[in-house]
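Per-entry structural report
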Amino acid sequence: MFDIGLLTAVTLNGLTVGAIYALGALGLTLIYGVLHIINFAHGSTLMMALYACFFLHQRAGVDPYTALLIVPPAFFVLGYAMQRYLIAPLGFGKDINVLLVTLGISIILDNLALYLWTSNTRNIDIPQAQVFIELGMISLALPKVIGVVASIVVGLLFWLLMTQTDLGKAIRAVARERRGARIVGISVDHIFAMSFGIGSACIAVAACLLIPTYYVTPKVGDGFVLIAFTTVVLGGMGSFIGALVGGLFLGVIEAWSGLWLGESLGQIGVFIIFILVLLFKPNGLFGQRNT
Amino acid sequence: MSEDKRNPTLVNQPRRRLLQVVGATGAASALGMPSVSFGQASTRTVKIGMIQPMTGMFAYNGAQGMVGAKMAADEINAAGGIRSMGGAKIELVIGDSQSKPEAAVSEVDKLSEQGISCFVGGYASGLALTATQASARNKVPFLVDGAVSDQITGRGLYGVFRLCPGFKQITDVALQNLSNINDANGKQVKTVALVFEDGAFGSGMAKTLAGELPKRGFEVVESIGFPTPTRDFTNIGLKLKSSKPDLIIPSCYLNEYVLLARSIHQNKVPKKAIYSVIGGGASNMKFVREFNAAAQGIMDCNHWIDPRKQRSQRLVSALDAAKLDLTYEVLLNYSNVLLAIDAIEKAGSGDREKINQALLSSTFDGHVMPYGPTKFVNGQNEGARPINTQIQGMKVEVVYPPEYATAKMIFPVPLG
Amino acid sequence: MTNMKRQTQVMLVLILALVLIPLFVSSKFWMGFWVMLLFHALIGQSWNILGGYGGQTSYGHAVFFGTGAYVTAVMQTHFGLNAWAGAGVAIGAGALVGLFIGALSFRYGLRGSYFALVTLAFAEVFRVIVNAWDFTGSGFGMLLALKPGVAHMQFADRQWFYYLILVLAIMATGVAMWLESSRFGAHLVAIRENEDAAKALGINAFRVKLKAIVISAALAATAGVFYMQYYLFVDSHIGYGPSMSISALLVPLIGGPGTVLGPFIGALSLGVLSEITKHTMGDSPGANLMAYGVLLLVVLRFLPNGLMGLFRGRS
């Protein structure tokens, strides 16, 4: 039906897109796994990080890869503060309230961006974006390849963080058993905030990698939220390998369904997978068994 | 903190409070807050309501529309205002439709009660359709900018006018121009790929084109719809590369247009030309500036200025000086506000029915569009049409029809 | 029991006040305000049945709303059905969608966030499909011809739309009141509080939840039908997009989930808030919506049980 050349090229591209999804999902699966909250503000955070990268480039000439040293740490701090001093106190620990709080935050952030920076589309053009790597039929822009490498590296760092450090152990403890962790002396509030901070930093990394091949507007985050959640659920809540594999898998699924059904109708590919996973394997590909 | 220990009348509080709140709001609405201005126009100002999406999906387009509208109003006010009304000034009142039909209707109703003489705006078909229904009920003229659905005019509604062309007019002209251009250049283009956004305007465009192109001897080899927003156009670029069309016809909004053009350029899709119909990006200076390499040679059949008119050139210089982008929302709103002002001038008052009558018999040529004098039939300006532009170097040149051309067309476009 | 009596009294007074409103309002704009307010109360109440009383939070309620709007449009446009008949079919279709999604989700034990996300996913699937399918107008959406007249469920005088939506909102509220006094309602609330315990008590959770989602879906579809008749236009974003889903849940959550009057209070507050922020900050794009979000957070901070918490005197 389709020639192999096209299919391979499309698959390869799907992997590069999936790498960015994976990064978004890593952060989200951490937040979701530990705090059990659906963070509606995730897309808005991505949008803010994209703007940060844009302005750094425009005003200070900092290219997005150097910005990796600035933006993610900044967003870690912001994420920590947001959870500790905004979401937690307003959420009263109730899921419904937390949902509303993150929704309110996303409304504020989206319109703050509109108010400050107007709806004008912002683009940056960096020399790396003009470099192409030819792989058969496809010529992949360098930033995309960097994106794949980066997500694997970040995934690895994540894994190291979670398994080899005390912080990681504390996070896993809180995710498993909140009350028990508290009894053992872990400051649950602090861990929540740390997790949120790390999750935000992660999406900021995704932003740095995304900006060379995409654009920024105040509405840019909207498209990412559902994809990010699909990745998290597909990969398995709380599993980082799951987030990585899930993201890559989803990128390819998206590419294939776009090829088969057309880009427009093909969108349902992701959602159908989402529904199927939720129904038949809610723990996802790599999720822990339900206790 | 139980009810027993507190004030015994606490028991009645909930009911009272609720009634108070309902009563207060009822009173406010009965009084007609925000205050209604008496009479439809004072001798000092005439108000034009701008129904634009200032927030939401189309915020950029709404903002650009207001740029054009303000320039027109400022220009006329600076030149002495409405002469037939003793120098009355034009005041633009913004009604943010928030890119949602409900808000558009609500703003039309609100502004209708605040003494607006007529409306300009709409932008997107969904917004224009519902807003004009409301304005017709309120018996206020509405000049539609940009929205191309053929159903906007011809519903027999009161006061609906469209200066620019609708779907049918646009596609007819675009196709005819394409045939002419192709014939004049050795009929090199035989196969066509359509790439369109899957909303109202893109899918409508694609459908019409897909039906009409074969009648003119073109073969449609590929028809790719995509959602707005779309993150990544590599797959589309690959599909195009694989089907090797002679001509690519995109119909989409600015952001996606830029990404698409880049993808086509990056993937070195072999094609003879890109000929967009209402291309979003192709007639946009921002695109020309920021992605010049990918933009070279791209043609567009879109709303554009009549380059021969002095007023057009003044508009372009003014935008340049203010460092604002020239996009079709600017042109159309500028022209529509001037049209409205002309009607007010002829009517000699801010009276809605008089303005409506003035528009019905209007032969206005002070706009910057390549339409000639206006003539509205069932609300649609008969002479409206798009023209062909092409990006050459750092400029957007008009290349067809010849009487408007500012540069020679390059067709087919060499792959570079 | 006195609680019920008091509640009924309040309801009757409220209904009386609402019925009288058109007599005092001459402005078209403000009439429109009240119509939309009751519309939001209706869709909020539909969400309330499932999410407030039942504790099953749906993030994709638009899937039912959009079905109501689209089906009645299709019935009238493609099959020449009369508006009232089309409405009947549309509400039935909405209920069917509710049955389908409910059966699937509850059969496989989806709860909490998982259920929320699955409803969102379904809404998106429907959105993409109606946008791609010519039969449902694809990218154009569906436009109903303007035909004022009771037979066409279109009214030249907005007052009649107001009365229509008032009747519908009261009907939906009647369902909520019935929940508060019936065994079915008690079962539903028990499931909300602790599903496993309820099951242990012998309640057939699956059946109860399924019934709730069908009722909720039918009411949301009714709202969809009204929207279609009032605006005569729907497209995939309006019908199945996140905007309506968010409105559906915001209204009862702000007003007071699991209460009869919550959706009214929520709709009123959000409507008033919206007008105030538009009025004071309408000129700078984004500023008014931003203020809206801030006010939302402020309400959440001080009134975690929704505004009904104020009236109940509870902390």
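Every chain's residues receive numbers from 1 upward, in the order its sequence appears when written. All chains are assigned letters beginning with A, and all ligands numbers beginning with 1, in the order in which they are written. Local features are withheld for residues below a pLDDT of 70 in this predicted model, meaning they are given only at 70 or higher, and side-chain atom pairs are given and counted only at 80 or more; totals for whole chains, interfaces and linings count all residues.

1. Some remarks on the overall build of chain A
- Helical segments are the DSSP runs of H or I of at least four residues, strand segments are the runs of E of at least two, and each set is numbered from the N terminus. Within chain A, the regular secondary structure consists of 12 helices and 2 strands.
- Order of helices (α) and strands (β) in chain A, N terminus to C terminus: α-α-α-α-α-β-β-α-α-α-α-α-α-α.
- Only C-alpha atoms enter the radius of gyration, while the globule expectation follows 2.2 Å times N to the 0.38, with N the number of residues. Taking 291 residues into account, the globule formula puts the C-alpha radius of gyration at 19 Å, and chain A, at 19 Å, falls close to it.
- By principal-axis analysis of the C-alpha atoms, chain A measures approximately 60 × 45 × 35 Å.
- Every C-beta atom is placed from the backbone, and the number of other C-beta atoms within 10 Å of a residue's own sets its class: buried at 20 or more, exposed at 12 or fewer, partly exposed in between. Taking all 291 residues of chain A together, the buried fraction comes to 59%.
- In chain A, the proportion of contacts linking residues at least 24 apart, taken out of those at least 6 apart, comes to 78%. Here, residues touch in the contact sense if the C-beta positions derived from the backbone fall within 7 Å of one another.

2. Observations concerning the interface of chain B and chain A
- Taken together, the contact pairs 25 residues of chain B with 30 residues of chain A.
- Among the elements of the structure, α2 (59-78), β7 (219-226), α7 (234-243) and α8 (254-266) of chain B are those that each provide at least two residues to the side of chain B that touches chain A.
- The element that contributes the greatest number of residues to the side of chain B that touches chain A is α7(B), accounting for 6 residues.
- Charged residues are taken to be Asp, Glu, Lys and Arg, nonpolar residues to be Ala, Val, Leu, Ile, Met, Phe, Trp, Tyr, Cys and Pro, and polar residues to be all remaining types, Gly included. Broken down by class, the residue content of the side of chain B that touches chain A amounts to 11 nonpolar, 9 polar and 5 charged.

3. Some thoughts on helix α4 (residues 125-137) of chain B
Residues and elements named next belong to chain B.
- Multiplying 1.5 Å by the residue count of a helix minus one yields the expected span of that helix. Between its terminal C-alpha atoms α4 stretches 18 Å, which fits the 18 Å expected from 13 residues at 1.5 Å a residue.
- Among the 13 residues of α4, 12 are classified as buried, and the element is accordingly described as predominantly covered.
- Every buried residue of α4 is listed here: Ser125, Gly126, Leu127, Ala128, Leu129, Thr130, Ala131, Thr132, Gln133, Ala134, Ser135 and Arg137.

4. Describing the domain arrangement of chain B
All names here are of chain B.
- Domain delimitation follows an automatic or database domain assignment. Each domain of chain B was delimited in the assignment, giving domain 1 (45-165 + 309-385) and domain 2 (168-302 + 388-404).
- Spacing between the C-alpha centres of domain 1 and domain 2 amounts to 29 Å.
- At the junction of the two partners, domain 1 supplies 13 residues and domain 2 supplies 12 residues.
- For the side of domain 1 that touches domain 2, the class distribution of residues is 6 nonpolar, 4 polar and 3 charged.

5. A word on the pairing of strand β1 (residues 45-52) of chain B
Residues and elements named next belong to chain B.
- Across the 8 residues of β1, 8 count as buried, placing the element largely inside the fold.
- Neither face of β1 is exposed, since Thr45, Lys47, Gly49 and Ile51 on one face and Val46, Ile48, Met50 and Gln52 on the opposite face are all buried.
- At this point the chain moves from β1, through α2, to the parallel strand β2 (residues 89-96), and the crossover so formed is right-handed.
- Two strands are counted as paired when DSSP detects at least two bridges linking them. In the sheet, β1 pairs with strand β3 (residues 118-122) via 4 bridges, with the strands oriented parallel. Directly across from Ile48, in β3, lies its bridge partner Cys118. Seen with its strands pointing away from the viewer, a crossover is right-handed when the path leading from the first strand over the helix to the second is clockwise.

6. Some remarks on the packing of helix α2 (residues 28-53) of chain C against helix α12 (residues 262-281) of chain C
Residues and elements named next belong to chain C.
- The convention used is that axes are lines fitted to C-alpha atoms, helices contributing only their stretch in contact, and that angles between N-to-C directions extend from 0 to 180 degrees. Where α2 contacts α12, the two axes come as close as 8 Å, and the packing angle between them is 135°. What the angle tells us is that α2 and α12 run oblique. Once α2 is placed against α12, the crossing between them reads as right-handed. Touching Phe33, Met36, Leu37, His40, Ala41, Gly44, Gln45, Asn48 and Gly52 of α2 are Gly262, Pro263, Phe264, Gly266, Ala267, Leu268, Leu270 and Gly271, all from α12.
- Taken together, the residues of the contact of α2 with α12 break down into 9 nonpolar, 8 polar and no charged. Here the word oblique covers every angle except those under 35 degrees (roughly parallel), over 145 (roughly antiparallel) and from 65 to 115 (roughly perpendicular). When the near helix sits turned anticlockwise from the far one by under a right angle, the crossing is termed left-handed; a clockwise turn instead gives a right-handed crossing.

7. Brief notes about unusual backbone geometry
- Cis geometry is adopted by the peptide bond preceding Pro401(B), which originates at Tyr400(B) and carries an omega value of 0°.
- Summarising the element assignment, Pro401(B) is placed in the segment after β14 (395-400).
- Geometrically, the link from Phe411(B) to Pro412(B) is a cis peptide bond, its omega value of -5° lying close to zero.
- Not every positive phi belongs to a glycine, and Lys187(B) is a case in point at roughly 50°.
- Position of Lys187(B) relative to the elements: it lies in the loop between α5 (167-184) and β6 (191-197).
- Even without glycine at this site, Met153(C) takes up a positive phi of about 50°.

8. What about the pairing of strand β8 (residues 247-251) of chain B?
Residue and element names in this part refer to chain B.
- With 5 of its 5 residues buried, β8 lies for the most part within the structure.
- In β8, alternate side chains face the same way, and those of Leu247, Ile249 and Ser251 on one face and Ile248 and Pro250 on the other are all buried.
- Across 5 bridges, β6 lies against β8 in parallel orientation. When the bridges of β8 are listed, Phe196 appears paired with Ser251.
- Relative to strand β9 (residues 273-277), β8 is paired through 2 bridges, and the arrangement is parallel. When the sheet's bridge partners are listed, Leu247 is paired in β9 with Ala273.
- Read from β8 through α8 to β9, the crossover connection turns out right-handed.

9. Overview of the sheet that holds β8(B)
All names here are of chain B.
- Spatially, 7 strands are ordered β7-β6-β8-β9-β10-β13-β14 in an open sheet, and the strand pairing comes out mixed. One side of each edge strand has no neighbouring strand; the edge strands of this open sheet are β7 and β14. Going across the sheet, the axis of each strand differs from the next one's by a mean of 25°, ignoring polarity.
- Both strand β10 (residues 299-302) and strand β13 (residues 387-392) contribute to a ladder of 4 bridges, which runs antiparallel. Note on β13: the bridge partner recorded for Cys301 is Asn388.
- Its contacts with the sheet put helix α6 (residues 200-212) on β6, β7, β8 and β9, and the angle it makes with β6 is roughly 160°.

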